[in-house]
Amino acid sequence: MKIAITGASGMLGTDLIKTLSVDHEIIAICRSNVHKDISDKIKEQKTADVAEKKIIDIIIGSSSDLVIHCAAFTDVDK
């Protein structure tokens, strides 16, 4: 299965990549590069901010079977 993961460079996204990449192709979608220790576990990486409209085109264009949305606003005090 081809799985797209938003927020792939975050803690939850990173853990999901480590777990799911064993049996699935992973498309990492994040604002920055994924951690070096998991870069070999992903099929491709797309750089995008989920707050931008183009994220929909990126996700649809990835032809993924499943999207797991892990991106989050981290500065909750704002």
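Our structure's up above, just so we're on the same page.
Predicted model only: the values in this text are computed from it and were never measured.

J.: Describe in detail the sheet that holds strand E3 (residues 44–47), supporting the description with residues and values.
T.: Here 4 strands make up an open sheet; going across it, the order is E3-E2-E1-E4 and the pairing parallel. Here the strands that pair on one side only, and so sit at the sheet edges, are E3 and strand E4 (66–69). For this sheet, the mean angle separating the axes of adjacent strands, direction not counted, is 20 degrees. Two strands pair when backbone bridges link them, and strand E1 (residues 2–6) and strand E2 (residues 25–30) are joined in this way by 5 bridges, in the parallel orientation. Note that in E2 the partner of Ile-3 across the bridge is Ile-26. With respect to the sheet, helix H1 (residues 11–20) is in contact with E1, E2 and E4, its orientation differing from that of E1 by roughly 165 degrees.

J.: Residues and numbers for the nonpolar core, please.
T.: Core analysis: the biggest nonpolar cluster contains 12 residues, these being Ile-3, Ile-5, Ala-8, Ile-17, Leu-20, Ile-26, Ala-28, Cys-30, Val-34, Ile-38, Ile-42 and Cys-70. If you list the elements that add at least two residues to this core, you get E1, H1 and E2. Counting residues per element, this core draws most heavily on E2, which supplies 3 residues. If we skip the residues at most four places from it in the chain, Val-34 touches Ala-8, Ser-9, Ala-28, Ser-39, Ile-42 and Gln-45. Formed by 7 residues, the second largest nonpolar core is a distinct cluster that contains Ala-4, Ile-29, Ala-48 and Ile-58.

J.: With reference to specific residues and values, describe the side chain of Lys-2.
T.: Relative to the helices and strands, Lys-2 is located in strand E1. Look at Lys-2: it is buried, it has no salt bridge, and the nearest opposite charge is Glu-44 at 4.6 Å.

J.: Go over the environment of Ile-68, please, and point to the residues and values.
T.: Structurally, Ile-68 can be placed in strand E4. A relative accessible area of 22% means that Ile-68 is categorised as partly exposed. Remark: the alpha-carbon pair of Ile-68 and Gly-13, spanning 55 residues in sequence, is separated by 8.7 Å. In this structure Ile-68 touches Ile-3, Ala-4, Ile-5, Thr-6, Leu-16 and Leu-20, once residues within four positions along its chain are discounted.

J.: Summarise helix H2 (residues 54–61); cite the residues concerned and give the values.
T.: Taken together, the buried positions of H2 are occupied by Ile-55, Ile-58 and Ile-59. Each buried residue of H2 sits inside an arc of 95 degrees when the element is viewed along its axis, so together they form one side. Every exposed residue of H2 that faces more than 90 degrees away from the buried side is listed here: Asp-57, Ile-60 and Gly-61. Those residues of H2 that are buried are in contact with E1, E2, E3 and E4. Ser-63 sits one or two positions beyond H2 and adopts a positive phi of about 55 degrees.

What counts and what doesn't
- Residues numbered from 1 in each chain as written.
- Predicted model: local features only at pLDDT ≥ 70, side-chain atom pairs only at ≥ 80, totals over all residues.
- Heavy atoms only, no water.
- Pairing = 2+ DSSP bridges.
- Helix = DSSP H or I, 4+ residues; strand = E, 2+ residues; numbered from the N terminus.
- Axes fitted to C-alpha atoms, helices over the stretch in contact; angles between N-to-C directions.
- Contact = heavy atoms within 4.5 Å.
- Core = buried A, V, L, I, M, F, W, Y, C linked by side-chain atoms within 4.5 Å.
- Buried < 20%, exposed > 50% of the residue type's maximum accessible area, 1.4 Å probe, protein only.
- Lys, Arg positive; Asp, Glu negative; His and termini not counted.
- Salt bridge = Lys/Arg side-chain N within 4 Å of Asp/Glu carboxyl O.
- Arc of directions from axis to C-beta.

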